[in-house]
Amino acid sequence: MTSVTSVELNYLVFRYLQESGFTHSAFALGYEASINKCPIDGNLVPPGALITFVQKGLQYLEMEANLSNSDPELDEDFSFLQPLDLITKDVYELRQIIKEKRKNLQKDGDKDKDKELDLEHEGERRRIRDKERHEREKEREKEKDKERAEKDMEREKQPEDHTDREMVTDQEDKVNLKHKDNGVFVGPEPMDISTTSTTQPCEIPSSDVTILEGHTSEVCACAWSPTGSLLASGSGDSTARIWTIVDGSSRSGSNGPSNVLVLKHVKGRTNEKSKDVTTLDWNGEGTLLATGSYDGQARIWSTNGELRSTLSKHKGPIFSLKWNKKGDYLLTGSCDKTAIVWDAKAEEWKQQFEFHSGPTLDVDWRNNVSFATSSTDNMIYVCKIGENRPIKTFAGHQGEVNCVKWDPTGSLLASCSDDITAKIWSMKQDKFVHDLREHAKEIYTIRWSPTGPGTSNPNQQLVLASASFDSTVKLWDVELGKLLYSLNGHRDPVYSVAFSPNGEYLVSGSLDRSMHIWSLKEGKIVKTYTGNGGIFEVCWNKEGDKIAACFANNTVCVLDFRM
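Please read these numbers as outputs of a predicted model, since none were measured by experiment. (Residues numbered from 1 in each chain as written. Predicted model: local features only at pLDDT ≥ 70, side-chain atom pairs only at ≥ 80, totals over all residues. Heavy atoms only, no water.)

As enumerated under the stated definition, the model contains 15 salt bridges in all. Among the ionic pairs, Arg 15 bridges to Glu 19, the shortest N-O distance being 3.2 Å. You can see Arg 15 and its partner Glu 19 sitting in helix H1 (residues 6–19), four residues apart, about one turn around the helix. You can call Arg 15 buried: its relative accessible area is 13%. A salt bridge links Arg 299 to Asp 295; the shortest N-O distance between them is 2.7 Å. The class of Arg 299 is buried, set by a relative accessible area of 5%. Via salt bridges that share partners, Lys 322, Asp 362, Asp 364 and Lys 405 belong to a single interconnected network. (Salt bridge = Lys/Arg side-chain N within 4 Å of Asp/Glu carboxyl O. Helix = DSSP H or I, 4+ residues; strand = E, 2+ residues; numbered from the N terminus. Buried < 20%, exposed > 50% of the residue type's maximum accessible area, 1.4 Å probe, protein only.)

Written out as structure tokens, the structure reads:
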């Protein structure tokens, strides 16, 4: 067995002291140990050699202690041992520690695995809280449905009693814009979408639906490649998948292995909650897919499913991740309260931004070097690579800020919060420009339309869409800060909205299992699809002829859209 000599060890310590800036200590050791007479070629010793050496020793001890345990369920992360244990205890004592901890872990696991995970991550607690909230929503909705049904019965009996209300006819489910007596624009009355008159005629036929099966847990994220016919999905089963969607592909329901690549985030066992794929994003060229996971790591994959890089620095789940337009930097926001910019080519972190006092919930690039972050601490920070302080601070929300999005020109920032408001901010001032207060419950997400200056639809008005737990989607005139439409077709919280590339349509996905496609010109549902689980995300492909939706029942659906 190879052993290290005292001469070699002295040299490594000497180099460590030098590299760490302890020049006096290095000089004293160099003099006393006659380092200048040492036969070692310093050019061959890489920086940080002593640290690497010590870490390798610790890893060896970890391996030795774990592997000798003859336990088939080997813990992949060897997370039972602390560095201090490894330095101060022998292998026999380490094995005892592992045995004890495994026993305790099994007991706790048998009691309640989910509760264990709740305590592990603030993010997981948030998710459980959301689920409970959704259950309560559903109970309330059931009661409301009963009331609605009773009211409808009464209406049918006495139609003349309702002449003073604006009725929506079967032929025309449009939003009527109301004006107050003084002529000030108030915005529309919410649309009463009568399900009998609108959903049946425009239900998307099953011949236009491809169901992608393969995930073994809920699918929480999906994104089309900006260049090809590739669709990426991320799931709680610790995998992401890249599906090749071909026109006229088999619609039998299950897609064979020929057109799907499985990107495993853990070797061996799946369905590990700590490896949930929470977020994903394609680079602008569509050549690389980035995924963020509950294990705190970001990963970069090629289109053929090869893992290019694993980016590790976060100490908690990654909730949001975005490529900049140029594609040289990747931005991640984590439960550990920080955001990190990664140099994709060098495969290393460039800068960590530690401004928030709570988990970072969302991040969004303004341009190639600056971006916004939002958090459970109610704050929004605009940061810039190279700057050690935020270049702008937006304070005003009274609840967790769930989402931030820059408009197409990067001049206005929209945000939405658990405080039931959405806000518009400008870099030119500290206070919000508009405070959008028409929702009745928490606003989960927002999206800008691909219209107005700086877009491929410059002659159309720029609008903002907000989706809420009050089961509505609202469209806002950004210049005036006024409500344009309230789209009331869902019965449960709306988790996702997406504009078509031409800006003429909006798709919304809800926990009520339905996906509605709205015409923005007419303010009505033109197509609808109901799946077999709550919908977490919806997205259009770049041509605007396909919509993907990911469901809680482990499936991804692709819908052909033609008008």
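Further remarks concern the sheet that holds strand E33 (residues 546–551). The strand order across the open sheet built from four strands is E3-E34-E33-E32, with neighbouring strands paired in antiparallel fashion. Whereas interior strands pair on both sides, the edge strands pair on one side only; in this sheet they are strand E3 (209–212) and strand E32 (535–540). Between one strand axis and the next, the sheet turns by 20 degrees as a mean value, whatever way the strands run. Pairing of E32 with E33 involves five bridges; the strand directions are antiparallel. (Pairing = 2+ DSSP bridges. Axes fitted to C-alpha atoms, helices over the stretch in contact; angles between N-to-C directions.)

The next point concerns the side chain of Ser 370. Counting through the fold element by element, Ser 370 comes out in strand E17 (residues 370–375). Judged by relative accessible area, Ser 370 falls into the buried class, the value being 3%.

The next point concerns the pairing of E33. Burial runs high along E33: six of the six residues are buried. Neither face of E33 is left uncovered, since the one carrying Lys 546, Ala 548 and Cys 550 and the one carrying Ile 547, Ala 549 and Phe 551 both have all their residues buried. Where E32 folds back onto E33 in an antiparallel hairpin, the turn is made up of five residues, including Gly 544, whose phi is positive at roughly 85 degrees. Both E33 and strand E34 (residues 556–560) contribute to a ladder of five bridges, which runs antiparallel. Directly across from Ile 547, in E34, lies its bridge partner Leu 559.

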